[in-house]
Amino acid sequence: MEIKHSVKTKIAFFIFLTTFISFVVLILANNFLLPTYYINRKQNVLLKAYKQVKNIVGDKTTLTAAETQEIITLCDNSAIDIILIDNNTNQSMVINGNTDILSSRLDSIEFRLNSSEAVTVIEKTQNYTLSKINFSGNKKNAEGFLEIYGIYENNQSCLMRIAYKNINESILISNRFFIMIGIFITIFEFCLSYLYIRHYANPILKMSKISQEMSELNFNVKSDVNSKDELGVLSHNLNDMSYKLQQTIEELKEANKKLKKDIEHKEEVDKMRKEFISNVSHELKTPIALIQGYAEGLEECVNDDAESREFYCSVIADEASKMNKMVKELLSLNQLEYGDNILEIDEFSLNMVVKGVISRINYMSQQKNVNIRFIADKDYTIFADEFKIEEVITNYVTNALNHVDDNRVVEVTIKETSDNKIRLSVYNSGENIPNEDLENIWIKFYKVDKARTRAYGGSGIGLSIVKAITDAHGGKCGVINKEHGVEFWFEISKEAHNN
């Protein structure tokens, strides 16, 4: 998102605007409110002094020297002129200021004489009259006095006045001063506020960029703002939120992977189930048909001679044996593939197992006139499931005997690899396996030569069992086409392994 108006600029402009408005208001107040405030202030001073003098005089007809001095000091402090006359004796009690002017003004008030001065009554009560006297008729540039007149309790006339001056010139001067100071302060405040705001705005901009990165699911960026204020709290919360979002997304990814894996596994299981049913149906179709046909022939006594009946029975028994063998192999493979068959790990001699297998199938090798060679430079001991490893070796050796050619070469070799694993290989002379079939021979029910496989009773499951057993041991298996034959092999670690 593009930033059109920076926070720094907005706040700096706001401070500048408020400062400017403050100075404008100050100048307007100076122009329109200061004169009124000035006059009101003078009125309050005069009225307060009048009341203080009244309290000093009270009901006295004469004043002591101390009381007279107190009144004069009070008036001097506020630049007030005063004349206090006892009307009973027509004697002056206190005079502070120009006696002639004060006496003349007092006479004008008491005898209601016309005055050349412009007099404006501001406030009139039973005790006093507060007036304003202008020397000129121009109110804008007026100068003059504020005066208060009253008669005290024992018939004493009191006139007090305080001078006021034209303050318009002072206002003009102060306005110019305010403008100059205002310009300087505004510029200074703007610069200072911009720097100060920048100090706080930069962390905000940093966190803004981090939030942008977070919106794009990049949680590697972290905020380094560690201040002890709201920005520090926001930075901490942003990092905390980033960490929790990252954790949550990782958990979601893991959950999605697991879900995908479960779905793929389910699809694979369904596919395997369908293939299994199809393959089993196909594999069982031929022996069942043979058993059914020969059984019906026996039932209908197609051949009455003992030799024919014996042949029919041997076919039925042979096909039933093949079916039984295939079912057992399927059960064993199913247990291996789904981990139901727990390996029984133990230490044993691999050489002894090979010798036992060769000895056990000696009758088969004699029938094919094959002398199986066993090659090992030493006695190899491994940790594995002896029964399962024996099954792998038996499968390899019987396959080699079933596919050996007229050269009649079958060799079983054990050696140690460069990465400290034990490798057992079984070689037989014969035709190579087509390259396009090399990867498929480990798939159950896959047969390179179906006719030949059926001839020796193969079901296409043996190599699938081999692969499942080696996988369960954490090993590997494979096949290599040699120049005049085929070599099947498997590798297994010497150390114990158990899934």
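Our structure's up above, just so we're on the same page.
An account of the accompanying structure is given in this report. Throughout this description, residue numbers start from 1 for each chain and increase along the sequence as written. The model is predicted, so local features are restricted to residues of pLDDT at least 70 and side-chain atom pairs to those at 80 or more, both for listing and for counting; the totals for chains, interfaces and linings are taken over all residues. As a convention, hydrogens and water are excluded, and side-chain values are obtained from all of the structure's heavy atoms.

All right, on to the nonpolar core then. The definition of a nonpolar core used throughout is a set of buried Ala, Val, Leu, Ile, Met, Phe, Trp, Tyr and Cys residues joined through side-chain atoms within 4.5 Å. Relative accessible area decides the class of each residue, using a 1.4 Å probe on protein chains only: under 20% of the type maximum gives buried, over 50% gives exposed, and in between gives partly exposed. Of all hydrophobic cores here, the largest spans 42 residues; its most connected members are Ile393 and Tyr396. Helix and strand definitions follow DSSP, with helices as H or I runs of at least four residues and strands as E runs of at least two, each counted in order from the N terminus. Going through the elements one at a time, helix 8 (350-360), strand 9 (381-384), helix 10 (386-403), strand 10 (410-416), strand 11 (421-429), helix 12 (462-472), strand 12 (476-481) and strand 13 (485-493) are the ones with two or more residues in this core. Element by element, the count of residues in this core is highest for helix 10, at 7 residues. Counting residues in hydrophobic clusters, the runner-up holds 27 residues, among them Ile39, Tyr50, Val53 and Ile82.

Expected span, for any helix, means 1.5 Å times one less than how many residues it has. Taking 1.5 Å as the rise per residue, helix 4 (residues 99-110) with 12 residues should run 16 Å; its terminal C-alpha atoms sit 16 Å apart, in good agreement. Elements that come into contact with the buried residues of helix 4 comprise strand 1 (80-86), strand 2 (91-96), strand 3 (118-124), strand 4 (129-134), strand 5 (144-151) and strand 6 (156-164). Note on contacts: a residue pair qualifies if any of its non-hydrogen atoms lie within 4.5 Å across the two residues.

On to a nonpolar patch on the surface. What goes into a patch is any residue over 30% in relative accessible area without a salt bridge, connected to like charges within 9 Å or, for nonpolar side chains (Val, Leu, Ile, Met, Phe, Trp, Tyr), within 5 Å. With residues, only the protein chains shown are counted as cover, and all accessible areas are computed by Shrake-Rupley using a 1.4 Å probe. What counts as a salt bridge is simple: a side-chain nitrogen of Lys or Arg found within 4 Å of a carboxyl oxygen of Asp or Glu. Together, Phe13, Phe16, Leu17, Phe20, Ile21, Val24, Val25, Leu28, Phe32, Leu33 and Phe190 make up a nonpolar patch on the protein surface, roughly 1,000 Å² of accessible area in all. A per-element tally of the nonpolar patch places helix 1 (residues 7-32) first, with 9 residues. Topologically, phenylalanine 32 is positioned in helix 1.

So, about the sheet that holds strand 8 (residues 373-376). Sheet strands pair by backbone hydrogen bonding; their relative direction is either parallel or antiparallel. Paired strands, in this sense, are two strands between which DSSP finds at least two bridges. Reading across from one edge, 8-10-11-13-12 is the order of the 5 strands in this open sheet, with mixed pairing throughout. Of all strands in the sheet, those bounded by a partner on one side alone are strand 8 and strand 12. Geometrically, the sheet is characterised by an average inter-axis angle of 15 degrees between neighbouring strands, direction not taken into account. Bridge count for strand 11 against strand 13 is 9 bridges, and the pairing is antiparallel. Residue arginine 423 lies in a different strand from strand 13, and its bridge partner there is glutamate 491. Structural elements are reduced to axes, namely lines fitted to C-alpha atoms, with helices fitted over the stretch in contact, and the angle between N-to-C directions of any two is expressed from 0 to 180 degrees. Each of strand 8, strand 10 and strand 11 is contacted by helix 8, which is oriented at about 175 degrees to strand 8, the strand it contacts most.

The next thing to look at is the pattern of salt bridges. For the coordinates displayed, the defined rule picks out 9 salt bridges. Across the salt bridge formed by lysine 378 and glutamate 416, the nearest N and O atoms sit 3.7 Å from each other. Here lysine 378, found in the loop between strand 8 and strand 9, pairs with glutamate 416, found in strand 10; they are 38 residues apart in sequence, far enough to count as distant. Members of the salt-bridge network, linked through shared partners, are Arg105, Glu147 and Arg161.

Our next topic: the pairing of strand 5. Among the 8 residues in strand 5, 7 count as buried, and that is most of the element. Note that strand 4 and strand 5 share 6 bridges and pair antiparallel. Considered in strand 5, the bridge of lysine 132 is made with leucine 146. Bridging between strand 5 and strand 6 involves 8 bridges; their strand directions are antiparallel. Within the sheet, the bridge partner assigned to glutamate 147 lies in strand 6 and is arginine 161. Two successive antiparallel strands, strand 5 and strand 6, enclose a turn made up of 4 residues, where asparagine 155 displays a positive phi of approximately 65 degrees.

Functional significance is not addressed by these values, which are geometric in nature.
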